[in-house]
Amino acid sequence: MGIITLQSVKKDFGIKEILKDASFSLDATDKVGLIGTNGSGKSTLLKMIAGLEPVDSGQILMNSGAKIIYLPQQPDLDEKRTVLEQIFADSGEHMALVREYEELSDKLAHYPEDNQLMSRLSVVMQRMDTTGAWELETNAKIILTKLGISDFNAVIGTLSGGYRKRIALATALLSEPDALLMDEPTNHLDALSVEWLQSYLNRYRGALFLITHDRYFLDRVTNRIIEIDRGDIYTYTGNYSYYLEKKALAEESAISTQRKHQGILRRELEWLKKGPKARSTKQKARIDRAHALRDTEFKQVQGKVDISTVSRRIGKKVIELNNISKSYNGRTLIKDFTYEFSPEDRIGIIGPNGAGKSTLMDMITGRVQPDSGNVEIGTTIHIGYFDQHSEELLTALNENQRVIDYIKEEGEFIKISDGTQITASQMLERFLFPGNQQYAPIHKLSGGEKRRLFLLRLLMSAPNVLILDEPTNDLDVQTLAVLEDYLEDFSGCVIVVSHDRYFLDRTVDTIFALESGGVFRQYPGNYSIYLDYKKAEEANQQETTNTKDKPKNIETQKTTTPSSTNENKKRRRLSNWEQKEFGQLEEKIAQMELEKAEAEKAMVNVPAGNYTQVQKLYEQVEALKQAIDVATERWLELAEMDS
């Protein structure tokens, strides 16, 4: 038996059947990604496994002695604890020792001559050595730092929801369970933190069962995909890319089988219309088969969100930002930012959590006024703002309002991209809200379904500028794929704030990186191209550092005579071939640095015991180092001649 086993589990919420007859197991080495449309029951399934939601029938078996940790989307933390106290809440003696060590260290900083404090600290340190508390504290601080948390003594009650989620994530990782259940762990993490978590989970030795919208993360962490599709469970042994391939083949096969069935049924029905008499056993069997064919039901291919709303005309003047600045509590978020958005812009805005990205969006939309500078909006501009708290705004309107009434407030009929009109109910069906859900109150929807509903109403308003602030939070991967296709054909300006690398790669062609001090740096291309630029910059900085560290040659003959100066000038002049070589070397060095970094990363992520792979990657890294040194030496030689 695996760590977790489901046997014929059923769950029904009345308006929706979540699980019909679910059976599967989670083994010790499984890294499973759970996918499905919003509202399909992904979070409910995790809660049932965690024992927080009852099953209607069937059973969930747990391996006795296995430590299982559940990380929900909205973790419940003790608001009176500090960050470190929360992290070590279940660590017993370890927690007490770490807390006492921190208190004694703080007191000694003020009273360094206190021998009693020094003596007690010595005893505590010895106990920390014997119990392994040192390692626990070090690991905790490393994990917290990697997740963007530096104030370990901050009180939980003073922190935002995003910080609390990261603290809960750190607590779960530090506990090193046998199985880790995670619901959207990458929400509220910036790109660097997501990459670190991805690397950490690749080395994690326990079982993993997670829900995530981050498709790069899903592809690189999982070795198995489980899909919930209208109450049924489907398992694919492979990562997300493998799932997509097999899912497409399965849908094609299902459509082909249904077509064949319909062809046979049509012929059999025509035969029945002729009124054959069942005088023989053979004819009677054929009549029975025709009736059986007619009664056969096929599960239709999973519906897909259909976004086909129209957008209005956009003029030449879109949005102009003129030297805008914004500070809070003496901290500069945005400093003297000037940019003129064009109708064709596809801008991705990235930066650490709390840097000021959402503040910039709020200034553009007029929710927040800049401290200095101004924002000008074109007269034809209609902004559609999909912010990261849309679901809260939605429920704040009237959580008892029916879904269809909320949509009808925008219009009884909706004009779609082909010029035709459809009803609000038909539009909801295109957004995967069946008839029974349309008349349910909004509070009955899942978080992802609320986000999808808000997105529908937003697009129905026919914006010509779309501002998407963390649009991937809580949207399922199927909806995201369709939204990406929609944005490709959208005839207007798109501004995206996101940490989702896959979404940025699909939707933007320019990156604005918000750096320290409120300064924006512009990079051409999508997120992957931005990463290449950053790695090349780091390689160049390292190269410059190495060059500065090299001992300078004493140039004794550089200014001795005019003739020698002329000879040096002649020697510095590059031939056409050398100029071409010089231009290519910088790109070549950057590429080799990138390959070296990838090989080093791969070497760290090699499973324990695979010495052959480690040796192969080590040799690759050493070869690249040597090649980089040779190329760098040649580049320096040509650079000196060209100076």
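Heads up: these notes are all about the structure in this document. (Residues numbered from 1 in each chain as written. Predicted model: local features only at pLDDT ≥ 70, side-chain atom pairs only at ≥ 80, totals over all residues. Heavy atoms only, no water.)

Take the overall build of the chain next. For the chain, the helix and strand inventory stands at 22 helices and 20 strands. Residues counted as buried form 46% of the 643 residues belonging to the chain. Considering only contacts in the chain between residues 6 or more positions apart, those separated by 24 or more positions represent 68%. As displayed, the chain offers around 33300 Å² of accessible surface, 48% of which is attributable to carbon and sulfur atoms. (Helix = DSSP H or I, 4+ residues; strand = E, 2+ residues; numbered from the N terminus. Buried < 20%, exposed > 50% of the residue type's maximum accessible area, 1.4 Å probe, protein only. Contact = heavy atoms within 4.5 Å. Areas by Shrake-Rupley, 256 points an atom, 1.4 Å probe, with all protein chains shown as cover.)

By way of backbone hydrogen bonds, the strands of a sheet pair with one another, either parallel or antiparallel. Here 3 strands make up an open sheet; going across it, the order is 2-1-4 and the pairing antiparallel. Of all the strands in the sheet, just strand 2 (17-26) and strand 4 (57-62) have a single pairing partner and so form its edges. Ignoring which end each strand starts from, the neighbouring axes of this sheet average 15° apart. Bridge count between strand 1 (residues 4-12) and strand 4: 5 bridges; the pairing is antiparallel. Paired with Lys-10 across the bridge in strand 4 is Ser-57. Most of the contacts of helix 1 (residues 42-49) go to strand 1, to which it runs at about 125°, and overall it touches strand 1, strand 2 and strand 4. (Pairing = 2+ DSSP bridges. Axes fitted to C-alpha atoms, helices over the stretch in contact; angles between N-to-C directions.)

With that out of the way, let us pick up the pairing of strand 11 (residues 331-341). With 7 bridges joining them, strand 10 (residues 319-328) and strand 11 adopt antiparallel strand pairing. The partner of Lys-326 across the bridge, within strand 11, is Ile-334. What sits between the antiparallel neighbours strand 10 and strand 11 is a turn of 2 residues, in which Asn-329 has the positive phi angle 55°.

The next subject is the environment of Tyr-204. Within the secondary structure, Tyr-204 sits in the loop between helix 7 (191-203) and strand 7 (207-211). As for Tyr-204 and Leu-180, which are separated by 24 residues in sequence, their C-alpha atoms are 9.9 Å apart. Among the polar contacts listed, one links the side chain of Tyr-204 to the backbone oxygen of Pro-177, at a separation of 2.7 Å. (Polar contact = N/O pair within 3.5 Å; in protein donor to acceptor, adjacent residues only side chain to side chain.)

Let us look at the sheet that holds strand 13 (residues 372-377). Taken in spatial order, the 3 strands of this open sheet run 11-10-13, and their pairing is antiparallel. Whereas interior strands pair on both sides, the edge strands pair on one side only; in this sheet they are strand 11 and strand 13. Averaged over all adjacent pairs, the angle separating strand axes in this sheet is 20°, with direction ignored. Against the sheet, helix 11 (residues 357-364) engages strand 10, strand 11 and strand 13, with an angle of about 130° to strand 10.

Attention now moves to the packing of helix 5 (residues 133-146) against helix 6 (residues 161-174). For the pair helix 5 and helix 6, the least separation of the axes is 10 Å and the interaxial angle reads 140°. The angle between helix 5 and helix 6 places the two elements in the oblique class. Regarding helix 5 and helix 6, the two cross each other, and that crossing is right-handed. For the pair helix 5 and helix 6, the contacting residues are Leu-136, Asn-139, Ala-140, Ile-143 and Leu-144 in the first and Ala-170, Leu-173 and Leu-174 in the second. Looking at the contact of helix 5 with helix 6, its residues break down into 7 nonpolar, 1 polar and no charged. (Parallel < 35°, antiparallel > 145°, perpendicular 65-115°, else oblique. Left-handed = near helix turned anticlockwise from the far one by under 90°. Nonpolar A, V, L, I, M, F, W, Y, C, P; charged D, E, K, R; others polar.)

Take the packing of aromatic side chains next. All chains considered together, the criterion is met by 15 aromatic pairs. Between Tyr-339 and Phe-512, the ring centres sit 4.9 Å apart and the planes meet at 75°, which makes this aromatic pair edge-to-face. Taken together, the positions of Tyr-339 in strand 11 and Phe-512 in strand 19 (residues 510-515) put the pair 173 residues apart, joining distant regions of the chain. Residue Phe-512 is classed as buried on the basis of its relative accessible area of 3%. Ring centres 5.0 Å apart and planes at 80° place the aromatic pair Tyr-523 and Tyr-530 in the edge-to-face group. Taking the relative accessible area as the measure of exposure, Tyr-523 reaches 3% and is therefore buried. (Phe/Tyr/Trp six-rings, centres within 6.5 Å; stacked < 30°, edge-to-face > 60°.)

Let us now look at unusual backbone geometry. The backbone phi angle of Ser-8 is positive, close to 50°, even though this residue is not glycine. Tracing the backbone through its elements, the reader meets Ser-8 in strand 1. The exposure class assigned to Ser-8 is partly exposed, which follows from its relative accessible area of 37%. Unlike most non-glycine residues, Arg-230 shows phi in positive territory, near 50°. Considering the arrangement of structural elements, one finds Arg-230 in the loop between strand 8 (224-229) and strand 9 (232-236). Here Arg-230 falls in the partly exposed class, since its relative accessible area comes to 33%.

Right, let's get into the nonpolar core. Within the largest apolar cluster, 53 residues are counted, with the highest numbers of intra-cluster contacts made by Leu-173 and Leu-201. Tallying contributions element by element places helix 6 first for this core, with 7 residues. With sequence-adjacent residues up to four places away left out, Leu-201 is seen in contact with Lys-31, Leu-173, Met-182, Leu-208, Phe-217 and Val-221. Within the second largest apolar cluster, 42 residues are counted, among which are Ala-191, Leu-456, Leu-466 and Tyr-530. (Core = buried A, V, L, I, M, F, W, Y, C linked by side-chain atoms within 4.5 Å.)

Let's shift gears to the side chain of Ser-193. By the secondary structure assignment, Ser-193 is in helix 7. Ser-193 gets classed as buried once you look at its relative accessible area, which sits at 4%. Aside from chain neighbours lying at most four places away, what touches Ser-193 is Lys-146, Leu-147 and Gly-148.

Attention now goes to the environment of Leu-169. With respect to the helices and strands, the residue Leu-169 is situated in helix 6. Of the residues examined, Leu-169 reaches a relative accessible area of 1% and is grouped as buried. The spacing of Leu-169 and Ile-143 is 26 residues in sequence and 9.3 Å in space, taken between C-alpha atoms. When residues no more than four places from it in sequence are discounted, the contact partners of Leu-169 are Leu-71, Leu-147, Met-182, Pro-185, Leu-189 and Leu-197.

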